[in-house]
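Residue-level structure breakdown
These are the residues of each chain, in order.
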Amino acid sequence: MSTKPIVVGIDGTPASNLALEWALDEAVVRGCPLHVVHAWTFEALTDWTETTEQRMRAESEALIEKAVRTAAEKRQEMPEIVRKSLRGDAAEVLERTSEGAAMLVVASHTGHRIRQIVLGSTSMHVVRHAHAPIVVIPVDDRELAETAR
C-alpha cells in the first residue's frame, strides 16, 4: 500500500476517459489514492462570453464528477479518489500536481490535425517536465469510436 497518489489528467474526451479507467485500475492494484485533475482557464478581459469564474469551476467539478461516476459503474472496487478542479494551463497544472505523485497518467490524442497539435502539446509538456513517472495511454481512432457509443 502506498501513500503516494496516482494523478490522472482528464478533459472530458473519450481519450481522457480511457486514461481515467486505466488509472483507476492501477490505483486499486497499488492500494493508493487517485487524484483526478481537470484544469480550466478563465480570463475575464478576454473571455467575452457571459461565463463567470465560478461557473467555469462548477462546470469543471461537474465534468470530474461525471467522469468518475461513469468509470465507477464498471467497477466493483474503487480507490480513494480526490477530485481536483484547478485553474490554469493544463500542462502546467499537471506538472505541478505530479510533485510527490507515484505517477502521472494522461491520454494521447488522435484525430483532427489541429487537435493533435493543441491537445497533444499537454502530454508532450508533461513528458518533458513532470516530477513523477509518466504513463501516456495510447488511443487510436477505433478505440475512440467504441468509447463514444
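Residues numbered from 1 in each chain as written. Predicted model: local features only at pLDDT ≥ 70, side-chain atom pairs only at ≥ 80, totals over all residues. Heavy atoms only, no water.

Turning our eyes to something else, we now look at the pattern of salt bridges. Applying the stated rule across the entire model yields six salt bridges. We note a salt bridge from Arg 75 to Asp 25, for which the minimum N-O separation is 3.1 Å. Remark: Asp 25 occurs in helix H1 (residues 14-30) and Arg 75 occurs in the loop between helix H2 (53-72) and strand E3 (81-87); sequence separation between them is 50 residues. A salt bridge links Arg 83 to Glu 65; its shortest N-O distance comes to 2.8 Å. Here Glu 65 lies in helix H2 and Arg 83 lies in strand E3, a separation of 18 residues in the sequence. Note on Arg 83: relative accessible area 40%, which makes it partly exposed. (Salt bridge = Lys/Arg side-chain N within 4 Å of Asp/Glu carboxyl O. Helix = DSSP H or I, 4+ residues; strand = E, 2+ residues; numbered from the N terminus. Buried < 20%, exposed > 50% of the residue type's maximum accessible area, 1.4 Å probe, protein only.)

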